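# Geometric and topological summary
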Amino acid sequence: MSVDKSWLTSPRNSPEYEQGLNSFIEMCKGQIDSEGNVRCACAKCKNCGLIPFTKMKFHMYSFGFYRYYTTWVYHGERPRPPVVAVDDVAPRNDKDGVIKDLTGKRKKKDANLNEGNSGTKSKCVRDDFEAIFKEELYPGCTKYSTGDFLAKLMHIKEEYEMTNTSIDQLLRLLQISLPKGNKIPPSCDVAKEMLKKTGSGHQM
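Our subject in this report is the structure included herewith. (Residues numbered from 1 in each chain as written. Predicted model: local features only at pLDDT ≥ 70, side-chain atom pairs only at ≥ 80, totals over all residues. Heavy atoms only, no water.)

Two quantities define a packed helix pair, namely the angle between the axes and the distance from one axis to the other. It is at 11 Å that the axes of helix α1 (residues 15-28) and helix α2 (residues 53-63) come closest, and there the two elements cross at 160 degrees. The angle between α1 and α2 falls in the class roughly antiparallel. In the packing of α1 onto α2, the handedness of the crossing is right-handed. Between α1, through Leu 21, Asn 22, Phe 24, Ile 25 and Cys 28, and α2, the contact on the second element is made entirely by Phe 53, Met 56, Lys 57, Met 60 and Tyr 61. Taken together, the residues of the contact of α1 with α2 break down into 8 nonpolar, 1 polar and 1 charged. (Axes fitted to C-alpha atoms, helices over the stretch in contact; angles between N-to-C directions. Helix = DSSP H or I, 4+ residues; strand = E, 2+ residues; numbered from the N terminus. Parallel < 35°, antiparallel > 145°, perpendicular 65-115°, else oblique. Left-handed = near helix turned anticlockwise from the far one by under 90°. Contact = heavy atoms within 4.5 Å. Nonpolar A, V, L, I, M, F, W, Y, C, P; charged D, E, K, R; others polar.)

Take a look at the structure:
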């Protein structure tokens, strides 16, 4: 759906900003869960948790809108799928490989691949970009989806100014510590790429 976001560039004390913020809050009513909670897109929470709707309204007026949240996937807006170059996916005769590329499950075969290789990025491409926020982080996990985990991870990285290397080490530990079948990405670069494709606005 088409959403007017022109108000985001207006001063916070302007009528345009206030009207736009009121429209956004009204839009959030459709995303309230059964317990009356909704994701908060304020500059403090950055969509990293669910809070009561009334508290979310207070946060939005007090802290302002999170400026890097450009596609409102948590609040009813559907992201536009990116165009994927044909050369970025596996050969047609590698049927299983193509499926694994699209679901982000292909294992890294060559540890010395160039980080700029577009083939590495293609394994994180998904047909349904909302699926990542419904996907279990590991079998039986009900607290966090894969998307929730990635958003929280990037928030912590930004908040505590953690390096990519430290995140890489943390992810490797989580991969081997959590139950088999977990969706922990192999590196910080892959995690950022996965989250970037959802349009959630985390640009690290």
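Ranked by size, the top nonpolar core spans 39 residues in total, and within it Phe 24, Met 56, Met 60, Phe 65 and Tyr 69 carry the most contacts. The set of elements that each furnish at least two residues to this core consists of α1, α2, α5 (146-159), α6 (164-177) and α7 (188-196). The leading source of residues in this core is α1, at 6 residues. In this structure Phe 24 touches Trp 7, Ala 41, Met 60, Phe 65, Tyr 69, Trp 72 and His 75, once residues within four positions along its chain are discounted. (Core = buried A, V, L, I, M, F, W, Y, C linked by side-chain atoms within 4.5 Å. Buried < 20%, exposed > 50% of the residue type's maximum accessible area, 1.4 Å probe, protein only.)

This structure, assessed with the given rule, holds 3 salt bridges. For the salt bridge of Lys 192 with Asp 189, the shortest nitrogen-to-oxygen distance reads 3.8 Å. In this pair, Lys 192 and Asp 189 are both assigned in helix α7, 3 residues apart and thus about one turn of the helix distant. (Salt bridge = Lys/Arg side-chain N within 4 Å of Asp/Glu carboxyl O.)

With respect to the helices, strands and loops of the structure, Cys 48 is situated in the loop between β1 (37-39) and β2 (50-52). When near neighbours in sequence (up to four residues on either side) are disregarded, Cys 48 contacts Arg 39, Ala 151, Lys 152 and His 155.

This part covers the side chain of Asn 37. Structurally, Asn 37 is set in strand β1. Judged by relative accessible area, which is 15%, Asn 37 ranks as buried. If sequence neighbours within four positions are ignored, Asn 37 has contacts with Gln 31, Ile 32, Leu 50, Ile 51 and Pro 52.

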